[in-house]
Amino acid sequence: GAVVSQHPSWVICKSGTSVKIECRSLDFQATTMFWYRQFPKQSLMLMATSNEGSKATYEQGVEKDKFLINHASLTLSTLTVTSAHPEDSSFYICSARDGRTPYEQYFGPGTRLTVT
Amino acid sequence: AQSVTQLGSHVSVSEGALVLLRCNYSSSVPPYLFWYVQYPNQGLQLLLKYTTGATLVKGINGFEAEFKKSETSFPLTKPSAHMSDAAEYFCAVAGGAQKLVFGQGTRLTINP
């Protein structure tokens, strides 16, 4: 149980275009979802927290207008990177909580974004 | 505020040897602590967690960790390393608003 999927697993896009990444909880309802960014050989950097039906809460320094997060249902959250630039290239990981176990998060497999 | 420090960005052990990965935490409240493993180009998988109760916590793949309150540490151990244990390991402490605060990670290399 507690499986989280991400789609796509990797994507290449041209500079200036937008890319949408989906995060789904497959066998549970996710009350909260988190989006992280990970640079090579570094730890995870939390970008934002989203609760179903409400606006995402972004971490300090994360551009809200560039990284659009939507949590439309209890099983789906999306991250849209708008007007992507090469510096947005990174590994993006989502996680989800089911609310039963305090703080425990279930992680997706990640999405590798390359902007050319 | 909560924080995590993982001592040693890279640990190398021989196959069959003891694995010891160190994690120190700072928390203003009784901590919830986690160890996650990440294989290349993959997400994080929960190895084990400490919330309350028994201080020695057993996880998957033969790993265990001990909550040491007096030392504010949560070291991860495995008696005998296997080649498949080679990965990146992250210690995390529960922060505010249901967030996790991660350490910098420790890359574990297993020598044949």
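As the structure is a prediction and not an experimental result, all values here were calculated from the model.

Draft legend 1. Structural context of the layout of surface pockets. There is about 330 Å³ of room inside the largest pocket. Lys41(A), Gln38(B), Pro40(B), Asn41(B) and Arg107(B) are, among the 17 residues lining the largest pocket, the residues nearest its centre. Elements supplying a minimum of two residues to the lining of the largest pocket: β9 (87–94) and β11 (106–111) of chain B. Of all the elements, β9(B) adds the most residues to the lining of the largest pocket, at 3 residues. For the lining of the largest pocket, a count of residues per class yields 9 nonpolar, 4 polar and 4 charged.

Draft legend 2. Geometry of the interface of chain B and chain A. Every contact between the two is made by 20 residues of chain B and, on the other side, 22 residues of chain A. For chain B, the biggest contributors to the area lost against chain A are Leu44(B), Gln98(B) and Lys99(B); these three give 31% of the whole. Connecting chain B to chain A are 2 salt bridges. The interface formed by chain B and chain A contains 10 residue pairs in polar contact (both at pLDDT 80 or more).

Draft legend 3. Seen up close, the sheet that holds strand β7 (residues 67–73) of chain A. Residue and element names in this part refer to chain A. Reading across from one edge, β1-β3-β8-β7 is the order of the 4 strands in this open sheet, with antiparallel pairing throughout. The outermost strands of the open sheet, each flanked by one partner alone, are β1 (4–7) and β7. Each neighbouring strand pair of the sheet contributes to a mean axis angle of 15°, computed without reference to strand direction. With 4 bridges joining them, β1 and strand β3 (residues 19–25) adopt antiparallel strand pairing. By the bridge assignment, glutamine 6 is partnered in β3 with cysteine 23.

Analysis parameters
Residues numbered from 1 in each chain as written. Chains lettered and ligands numbered in written order. Predicted model: local features only at pLDDT ≥ 70, side-chain atom pairs only at ≥ 80, totals over all residues. Heavy atoms only, no water. 1 Å grid on protein atoms, 1.4 Å probe; cavity = no way out; pocket = protein on both sides within 12 Å on 5 of 7 lines; lining within 4 Å. Points joined across faces, edges and corners; volume = space filled by probe spheres on them. Helix = DSSP H or I, 4+ residues; strand = E, 2+ residues; numbered from the N terminus. Nonpolar A, V, L, I, M, F, W, Y, C, P; charged D, E, K, R; others polar. Contact = heavy atoms within 4.5 Å. Buried area = accessible area lost by both parts, 1.4 Å probe. Salt bridge = Lys/Arg side-chain N within 4 Å of Asp/Glu carboxyl O. Polar contact = N/O pair within 3.5 Å; in protein donor to acceptor, adjacent residues only side chain to side chain. Pairing = 2+ DSSP bridges. Axes fitted to C-alpha atoms, helices over the stretch in contact; angles between N-to-C directions.

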